[in-house]
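Spelled out, the chains give:
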Amino acid sequence: MQVGPKTYVFGVPKFETKAGVILGTKQVLVVDTLHHPSEAKVLKDAAESQGREVGWVFYTHWHGDHTFGGQALDGLFVSSDKCAEQVQKRFSREQLGRLAAQDPRYPADFEVRIPSITFSDAMTIDIGGACVRLERWAGHTPCSAIAVLEQDGVVFAGDELFVQCHPWAGEAALARWCSNLKRLMDVGSDLGTVVPGHGPVLTGRDIRREIGAFLSYLEGTLATASGLAAKGIAIEEAMAYPGFPQIGCEMTDNEIRMRQSSIERACHEIWELQSVRGL
Ligand SMILES: [Zn+2]
């Protein structure tokens with residue numbers, strides 16, 4: 001799907017994961033790499049069909065559904081420094097070997113490419129005729145970053161934004177994530193197109209509506225946790241409370257697991273806050 005003169009978005013049905021291809025005059029910057037090297041080949045083919053090579057590969061964050069396709073791509077790998085650290089730490093050779101043995105979609109020599117170029121808060125990459133700004137926002141995970149191409153009016157939010165599905169929130173900073181979403185609403189509305197890590201690409205009025213819906217879900221989860229904490233109940237009991245918000249009515253096993261990750265994160269954040277205040 002083309003979302004701007006220089007910008008294309010590719011997706012796979014599994015969790016509606018998204019990746020992007022941004023065309024410079026000579027080189028291409030790829031945003032995230034999908035779940036498998038076989039899926040990432042479409043990103044490389046898109047660059048080559050335009051007579052260009054992949055010069056840069058940007059990981060928005062360390063999770064496998066954004067980094068596992070990297071082996072199919074050449075070029076310089078770039079991410080936040082915290083993301084590069086996590087990629088190196090989390091995926092041992094043994095683990096990846098086991099994954100490849102279980103799942104034929106991974107090659108026998110499966111590896112996750114580790115970014116060699118990193119930034120702490122932000123950096124800009126000139127790909128020839130276009131500058132892409134990378135910024136670490138650290139809501140979804142401490143390493144999460146976004147990419148902005150002002151010329152095309154596009155922001156790739158990575159997993160700072162999930163649209164119409166439950167997020168994985170196991171490493172999230174929920175209060176910070178909520179402020180990030182308010183900022184994304186403004187930045188995205190000014191630019192015109194927002195590409196989430198999962199779910200449909202947003203344009204026009206859908207930007208405020210869908211980001212607003214996701215923000216309400218996270219704020220509602222925090223508010224529910226806060227209400228339970230105020231009643232003085234134990235955190236374990238709060239985590240099992242059935243009245244937390246949910247997105248949509250279809251709850252697959254995966255959605256149930258994802259929703260629970262938000263509930264547990266919210267409870268940890270609220271109970272931590274309470275213990276700090278109690279000192
Ligand atoms: Zn993801």
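Below is a summary of the structure that appears in this document. (Residues numbered from 1 in each chain as written. Predicted model: local features only at pLDDT ≥ 70, side-chain atom pairs only at ≥ 80, totals over all residues.)

## Some details on the nonpolar core
Heads up, the condition is: Here a nonpolar core is just a set of buried residues of the types Ala, Val, Leu, Ile, Met, Phe, Trp, Tyr and Cys, joined wherever their C-beta atoms sit within 7 Å. In this scheme every C-beta is placed from the backbone, and a residue whose C-beta has 20 or more other C-beta atoms within 10 Å is buried, one with 12 or fewer is exposed, and one in between is partly exposed. What counts as a helix is a DSSP run of H or I of at least four residues, what counts as a strand is a run of E of at least two, and both are numbered from the N terminus. It is the C-beta atoms, placed from the backbone, that decide contacts: two residues are in contact if theirs lie within 7 Å.
Core analysis: the largest hydrophobic core is formed by 80 residues, its most contacted members being Ile-22, Leu-29, Val-30, Phe-58, Val-132, Ala-147 and Phe-214. Among the elements that take part in this core, helix α6 (residues 206-230) stands out by supplying nine residues, more than any other. Ile-22 has contacts with Lys-6, Thr-7, Val-28, Leu-29, Val-31, Ile-127, Ala-130, Val-132 and Leu-149, leaving out every residue within four places of it along the chain.

## Some words on unusual backbone geometry
Apart from glycine, the bulk of residues carry a negative phi angle, and the bulk of peptide bonds sit in the trans form. Non-glycine residue Glu-16 carries a positive phi angle of around 50 degrees. For Glu-16, the location among the structural elements is in the loop between β2 (7-12) and β3 (17-23). Taking the number of C-beta atoms within 10 Å as the measure of exposure, Glu-16 has 16 and is therefore partly exposed. A positive phi is found at Leu-34, a non-glycine position, where the angle reads about 65 degrees. Here Leu-34 lies in the loop between β4 (27-31) and α1 (37-49).

## Some thoughts on the environment of Ser-189
Its place among the elements puts Ser-189 in helix α5 (residues 174-191). Taking the C-alpha atoms as reference points, Ser-189 and Thr-203, separated by 14 residues in sequence, lie 8.0 Å from one another. Setting aside residues no more than four positions away along its own chain, Ser-189 makes contact with Ile-207 and Arg-208.

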